[in-house]
Amino acid sequence: MSADFWAGYVSGAAGILIGNPLDLVKTRLQAGTSLPNPGAASTSHPAARSFRSNFDHAGTLVKGATAPIIGYGALNAILFVTYNRSLKLFGDDPAVPLNLYKVWCAGAIGGLATFIVSAPTELVKCRAQVSLTPVSSWAIARDTWKQEGIRGLYHGGAITSVRDAVGYGFYFWSYEQAKRATLSPQDSDSQTALKIMLCGGLAGVVTWASIFPLDVVKTRVQTQVTTAPLSTGPEEEQRLLRRDVEASKAGSQRLGSLRIARQAYQTEGLSVFFRGLGVCSLRAFVVNAVQWAVYEWMIQLLTRKG
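Calculation criteria
Each chain has its residues counted from 1, running along the sequence as written. Totals for whole chains, interfaces and linings use all residues, but because this is a predicted model, local features are given only for residues with pLDDT of at least 70 and pairs of side-chain atoms are given and counted only at 80 or more. In computing side-chain values, all of the structure's heavy atoms are included and hydrogens and water are not. Geometry is summarised by axes, namely lines fitted to C-alpha atoms with helices restricted to the contacting stretch, and by angles between N-to-C directions that run from 0 to 180 degrees. The helix count covers DSSP runs of H or I at least four residues long, the strand count covers runs of E at least two residues long, and both are numbered beginning at the N terminus. Reported orientations rely on four angle classes, namely roughly parallel under 35 degrees, roughly antiparallel over 145, roughly perpendicular from 65 to 115, and oblique for the rest. Working rule for handedness: look at the near helix, and if it is turned counterclockwise from the far one by less than a right angle, call the crossing left-handed; if clockwise, right-handed. Pairs of residues are marked as contacts when any of their non-hydrogen atoms sit within 4.5 Å. Three classes are used, and their members are as follows: Ala, Val, Leu, Ile, Met, Phe, Trp, Tyr, Cys and Pro are nonpolar, Asp, Glu, Lys and Arg are charged, and the others, Gly among them, are polar. Put simply, the grid is 1 Å and covers the protein atoms alone, a cavity is a trapped set of points that fit a 1.4 Å probe, a pocket is an open set with protein on both sides within 12 Å along at least five of seven lines, and lining residues have an atom within 4 Å of a point. Grid points are joined across faces, edges and corners, and a volume is the space filled by probe spheres set on the points. Known as pLDDT, the predictor's confidence for each residue is given on a scale from 0 to 100. Every case where a carboxyl oxygen of Asp or Glu lies within 4 Å of a side-chain nitrogen of Lys or Arg is listed as a salt bridge. A 1.4 Å probe rolled over the protein chains alone gives each residue an accessible area, and that area as a share of the maximum for its type sets the label: buried under 20%, exposed over 50%, partly exposed in between. Patch construction takes residues with relative accessible area above 30% that form no salt bridge. Like charges are linked within 9 Å, and nonpolar side chains (Val, Leu, Ile, Met, Phe, Trp, Tyr) are linked within 5 Å. Methods summary: accessible areas were calculated by the Shrake-Rupley approach with a probe of 1.4 Å, and residue burial reflects only the protein chains presented. Ring pairs are drawn from Phe, Tyr and Trp, using the six-membered ring of Trp, whenever the two centres fall within 6.5 Å, and their geometry is named by plane angle: stacked under 30 degrees, edge-to-face over 60, tilted for the rest.

**Structural notes on the packing of helix α5 (residues 115–130) against helix α7 (residues 157–182)**
Working step 1: At their nearest, the axes of α5 and α7 sit 9 Å apart, and the two run at 120° to each other. In this view, α5 runs oblique relative to α7, as classed from their interaxial angle. α5 and α7 meet at a crossing whose hand is right-handed. Listed contacts from α7 to Phe-115, Ser-118, Ala-119 and Glu-122 of α5 are Gly-157, Thr-160, Ser-161, Arg-163 and Asp-164.
Working step 2: Of the residues assigned to the contact of α5 with α7, the class counts are two nonpolar, four polar and three charged.

What follows is the structure, given as structure tokens:
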């Protein structure tokens with residue numbers, strides 16, 4: 001395997017491990033589940049008490065992380081390999097690209113290429129994160145597959161692919177733009193490392209700011225659950241899955257992206273499309289600072305050995 005594949009895989013997995021707690025909060029905000037007031041525990045709705053209790057133990061902070069840890073590593077590997085190959089086809093050098101328009105286009109192609117991994121990974125992750133009860137990513141994936149087949153795992157795939165194409169275009173573009181503005185040949189190794197982390201963090205924030213409304217709609221599309229689970233696992237797990245289904249408008253017809261967006265705007269206003277952006281920006285800076293640092297370090301390590 002190429003150096004950019006393994007560098008992308010490891011950096012992607014590292015990013016998920018670091019960012020999942022904040023990603024959990026972002027997803028629940030986007031899905032329309034309010035963070036409850038601890039002081040109102042005795043009078044709140046049972047679903048809200050269940051939601052609150054999920055934050056009472058450390059395991060909640062990595063809820064839904066299993067699927068993206070495996071999936072996002074592969075996604076990031078595909079992303080970087082496709083980006084680097086596309087930029088070479090455009091006649092530019094991935095190590096020191098000269099044309100930022102080509103960088104954006106190569107990033108968008110890389111984003112589209114991740115669709116095969118991104119769509120099912122995002123669906124399973126989002127459903128695990130908004131679940132009112134502790135249910136594993138594997139249980140959600142298994143029941144979705146049994147009920148709807150592979151089409152069910154790719155529900156919301158169209159808007160996911162648009163989000164990824166636009167987002168990753170800006171991701172690589174902003175990273176290269178930031179590197180041009182900050183890096184200097186006179187920098188020491190430690191200065192270069194710190195600046196790489198700064199550039200990566202800024203790229204993450206720019207990326208999410210550019211696609212956040214799309215991500216809100218995607219989350220709401222993918223967290224629609226309208227059928228009862230077919231889990232063959234433990235009886236308690238089946239009961240919890242059924243309760244989640246009942247709590248998420250069971251029996252209603254699934255809506256498409258445009259109808260979800262229109263409905264969200266009519267009922268909650270324009271601000272709904274930016275709900276959770278602050279948390280997401282904080283997560284994006286931290287995750288992508290680490291992710292780019294790991295990627296650049298591994299590229300140097302693997303190419304030096306090669």
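Read on, since the account is not over.
**Comments concerning the side chain of Ser-161**
Working step 1: With respect to the secondary-structure elements, Ser-161 resides in helix α7.
Working step 2: Other than its neighbours up to four places away in sequence, Ser-161 contacts Leu-112 and Phe-115.

**So, the layout of surface pockets**
Working step 1: Estimated volume of the second largest pocket: approximately 630 Å³.
Working step 2: In terms of lining residues, the second largest pocket is bounded by 28 residues, among which Pro-94, Ala-95, Val-96, Lys-179 and Glu-296 are the most central.
Working step 3: Elements with a minimum of two residues in the lining of the second largest pocket: α1 (3–31), α3 (66–89), α7 and α11 (277–305).
Working step 4: Its residues placed into classes, the lining of the second largest pocket shows 14 nonpolar, five polar and nine charged.

**A word on the confidence of the model for the chain**
Working step 1: The pLDDT averaged across the chain works out to 80; a share of 77% of its residues lies at or above 70.
Working step 2: Mean pLDDT values over the elements of the chain span from 39, in helix α2 (residues 46–53), up to 97, in helix α4 (residues 100–113).
Working step 3: Across residues 226–233 the pLDDT falls below 50, and counting only partners more than four positions away or on other chains, this stretch makes 29 contacts in the model.

**Side note on the pattern of salt bridges**
Working step 1: Following the criterion strictly, the structure yields 11 salt bridges and no others.
Working step 2: A salt bridge links Asp-215 to Arg-163; the shortest N-O distance between them is 2.6 Å. Of this pair, Asp-215 sits in helix α8 (residues 189–222) while Arg-163 sits in helix α7, and the two are 52 residues apart along the sequence. Accessibility classification places Asp-215 together with Arg-163 in one group, the buried group.
Working step 3: Between Glu-268 and Arg-220 there is a salt bridge, with its nearest N and O atoms 2.7 Å apart. Of this pair, Glu-268 sits in helix α10 (residues 257–268) while Arg-220 sits in helix α8, and the two are 48 residues apart along the sequence.
Working step 4: Via salt bridges that share partners, Glu-122, Lys-125, Arg-163, Asp-164, Asp-215 and Lys-218 belong to a single interconnected network.

**Focus on a nonpolar patch on the surface**
Working step 1: A surface patch of nonpolar side chains, amounting to about 580 Å² of accessible area, comprises Leu-17, Ile-18, Leu-198, Leu-202, Leu-282, Phe-285 and Val-286.
Working step 2: Going through the elements one at a time, α1, α8 and α11 are the ones with two or more residues in the nonpolar patch.
Working step 3: Looking at the nonpolar patch, the element that brings in the most residues is α11, giving three residues.
Working step 4: Note that Ile-18 resides in helix α1.
Working step 5: Overall, the relative accessible area of 39% leaves Ile-18 in the partly exposed class.

**Remarks on the packing of aromatic side chains**
Working step 1: All told, the structure shown has 16 aromatic pairs when counted by the stated rule.
Working step 2: Measuring from centroid to centroid gives 5.8 Å for Trp-104 and Phe-170, while their planes differ by 85°, and the two rings are edge-to-face. Here Phe-170 lies in helix α7 and Trp-104 lies in helix α4, a separation of 66 residues in the sequence.
Working step 3: Measuring from ring centre to ring centre gives 5.6 Å for Trp-292 and Tyr-295, while their planes differ by 85°; the resulting arrangement is edge-to-face. Of this pair, Trp-292 and Tyr-295 both sit in helix α11, three residues apart, roughly one helical turn. Each member of the pair, Trp-292 as well as Tyr-295, carries the same accessibility label: buried.
Working step 4: Members of the aromatic cluster, each reached through a chain of ring pairs, are Phe-80, Tyr-83, Tyr-168, Tyr-171, Phe-172, Tyr-175, Trp-292 and Tyr-295.

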